[in-house]
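Summary of structural features
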Amino acid sequence: MAVCDSRVFLLSICLLVFRGLSFASQQSAQPASQPAATAPQGTASVSRSTPQQATPTEQVQKGQSLFATQCAFCHGRDAAGGESGPDLTSSELVEKDVNGNEIGPVVRSGRIDKGMPPFNFSDADLAAVVLFIHEQKTRMDSKQGRRRTVQAEDLQTGNAEEGKQYFNGAGGCAKCHSPSGDLAGVASRFRGLALLERMLYPGGRRAGPSSSPATVTVTLPSGETVTGKLAYRDEFVIGLVDSSGWYRSWFKSAVKFKVNNPLEAHSEELGKYTEESMHNVLAYLQTLR
Ligand code: HEC
Ligand code: HEC
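To keep things clear, this report deals only with the structure shown in the data block. (Residues numbered from 1 in each chain as written. Chains lettered and ligands numbered in written order. Predicted model: local features only at pLDDT ≥ 70, side-chain atom pairs only at ≥ 80, totals over all residues. Heavy atoms only, no water.)

**Side note on the sheet that holds strand β3 (residues 237-242)**
Which entries qualify depends on this criterion: Strands pair, by our definition, only if DSSP identifies at least two bridges between them. Labels follow the DSSP assignment, with helices taken as runs of H or I lasting at least four residues and strands as runs of E lasting at least two, numbered in each case from the N terminus. Angular values range over 0 to 180 degrees, each being the angle between N-to-C directions of two axes fitted as lines to C-alpha atoms, with helices fitted over their stretch in contact.
Strand order in the open sheet formed by five strands is β4-β3-β2-β1-β5, with antiparallel pairing between adjacent strands. Two strands lie at the open edges of the sheet, namely β4 (247-251) and β5 (256-260), each paired on one side alone. Each strand axis lies, on average, 40° off the axis of its neighbour in the sheet, ignoring direction. In this structure, β3 lies alongside β4, joined through five bridges in antiparallel fashion. Its bridge partner lying in β4, L240 is registered against R248.

**Here's the deal with the site of ligand 2**
We count it as follows: A molecule or strand has a residue near it when one of that residue's heavy atoms lies within 4 Å. Any pair of N or O atoms that falls within 3.5 Å is considered a polar contact. Within protein, one atom must be able to donate a hydrogen and the other to accept it, and sequence-neighbouring residues count only if both atoms are side-chain atoms. Gly is placed with the polar residues, together with every amino acid not listed as nonpolar (Ala, Val, Leu, Ile, Met, Phe, Trp, Tyr, Cys and Pro) or charged (Asp, Glu, Lys and Arg).
Neighbouring ligand 2 are 19 residues, the closest being C173, C176, H177, R198 and H266. R198 is positioned such that a nitrogen or oxygen atom in its side chain is 2.4 Å from an oxygen atom of ligand 2. Listed by contribution, the elements that provide at least two residues to the shell around ligand 2 are α9 (192-200), α10 (264-272) and α11 (275-286). Ranked by residue count, the leading element in the shell around ligand 2 is α10, at three residues. For the shell around ligand 2, the per-class residue count stands at twelve nonpolar, four polar and three charged.

**Quick word on the coordination of the iron atom of ligand 1**
Convention followed: Note: metal donors comprise N, O and S atoms at 2.8 Å or less from the metal (3.2 Å for Na, K and Ca); water molecules are not included, so apparent gaps in a site are possible. Geometry is assigned from the angles between donors: four donors with all angles from 85 to 135 degrees make a tetrahedral site, four or six donors whose opposite pairs exceed 155 degrees while the rest stay between 65 and 115 make square planar or octahedral sites respectively, and everything else is labelled irregular. Per-residue accessibility, obtained with a 1.4 Å probe over protein chains only, is compared with the maximum for each type, and a residue is labelled buried under 20%, exposed over 50%, and partly exposed between these values.
Coordination of the iron atom of ligand 1 by the protein comes from H75 (NE2) and M116 (SD), over a distance range of 2.0 to 2.1 Å. One way to put it: the six donor atoms around the iron atom of ligand 1 meet at angles of 85 to 179°, and that makes the site octahedral. In this pair, H75 is assigned in helix α3 (residues 72-75) and M116 in the loop between α5 (103-109) and α6 (123-141), connecting sequence segments 41 residues apart. Accessibility classification places H75 together with M116 in one group, the buried group.

**Comments concerning the packing of helix α7 (residues 160-168) against α11**
Definition in use: Geometric relationships in this document are graded by angle, where less than 35 degrees denotes roughly parallel, more than 145 denotes roughly antiparallel, 65 to 115 denotes roughly perpendicular, and other angles denote oblique. In what follows, residue pairs with any heavy atoms lying within 4.5 Å of each other are defined as contacts.
The interhelical angle for the contact between α7 and α11, taken along N-to-C directions, is 100°, at an axis separation of 7 Å. As the angle between them shows, α7 and α11 are arranged roughly perpendicular. Contacts between α7 and α11 involve A160, E162, G163, K164, Y166 and F167 from the former and E276, S277, N280, V281, A283, Y284 and L285 from the latter. Tallied by class, the residues present in the contact of α7 with α11 amount to seven nonpolar, three polar and three charged.

**A few points about α9**
In an α-helix, one turn spans 3.6 residues; hence positions three or four apart end up facing the same way. Put simply, the rule is: Here the arc refers to the directions that run from the helix axis out to each C-beta atom.
Those residues of α9 that fall on the buried side of the exposure criterion are L193, L195, L196, M199 and L200. Taken around the axis of α9, the buried residues stretch over an arc of 160°, which confines them to a single face.

Below you can see the structure in the form of structure tokens.
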């Protein structure tokens, strides 16, 4: 464990040096002199590199890119908090976490009612993301004056034409949406991060059941079916508002029912976006004024 700790410590120095550069210029600009043991993959000067050392470095880089695509739009690229997700580097849960025992369950199950979607990560991907978060925590803990780094420029990098293709094709958005129908003018209603958040999480993170678009179809013992807006659900009772505006409820044990929540498609979609397709779709939506 001591070996591992010191390795993580070395890595944090690496990222301190390396990430002192702005994210945007990270790829193009390399620091002139890099500590040998901490050189990122692909750099030639790795004199002390052993396979054991290369592995966590790659893991942090993998974690970083997973984090950038899956988590950064809410938690910020540096995990220090974004528009809609808390600062993970100052989180008590992260503080307590050992090898993902606390972070893992949050990522896998989400906190759907609070705006954190669940992620279906492999163990290896999860471990990489966890390592990256701890890495960032170490880095932020040693830094004065935390700052937020969801960059406005990050939101301007998409290609609207490709976003349109994704929208109509692979993304499947056109199954439920139309640019001249429900999404007409969406970019006038929401801008920048607000539009991104809306696109990723339209239910809103504080949306209660009353604002949920879920519907339910209840089949009564007689065989009659009643469909309506899901209005109530607990352990025992299911309730809906039917087409004429009446609230009706049943004991779950007495009926069969099927809940249909169209926003589930959005949660699933979160796991499918790449950073690129997400920015492209956002760029496309920004044309819908
Ligand atoms: C759509 C926005 C969103 C995305 C995407 C997202 N999160 Fe979150 N996350 C949140 C919100 C909101 C909370 C706070 C939930 C609460 O208040 O309990 C949260 C909470 C957490 C927490 C618990 C923090 C604490 O102190 O309780 C962890 C850990 C976390 N997120 C990790 C991740 C990771 C890792 C990813 C990417 C795989 C991710 N999140 C993606 C919105 C998001
Ligand atoms: C299975 C149906 C379905 C699919 C597929 C789907 N959405 Fe949605 N989307 C919804 C529902 C339902 C809402 C919530 C509508 C509301 O609250 O007004 C919504 C809301 C939105 C909003 C917010 C609209 C507003 O006016 O607030 C945006 C933006 C959006 N979706 C974008 C997308 C994109 C981009 C895709 C494809 C990657 C997509 N959606 C795929 C069902 C879907």
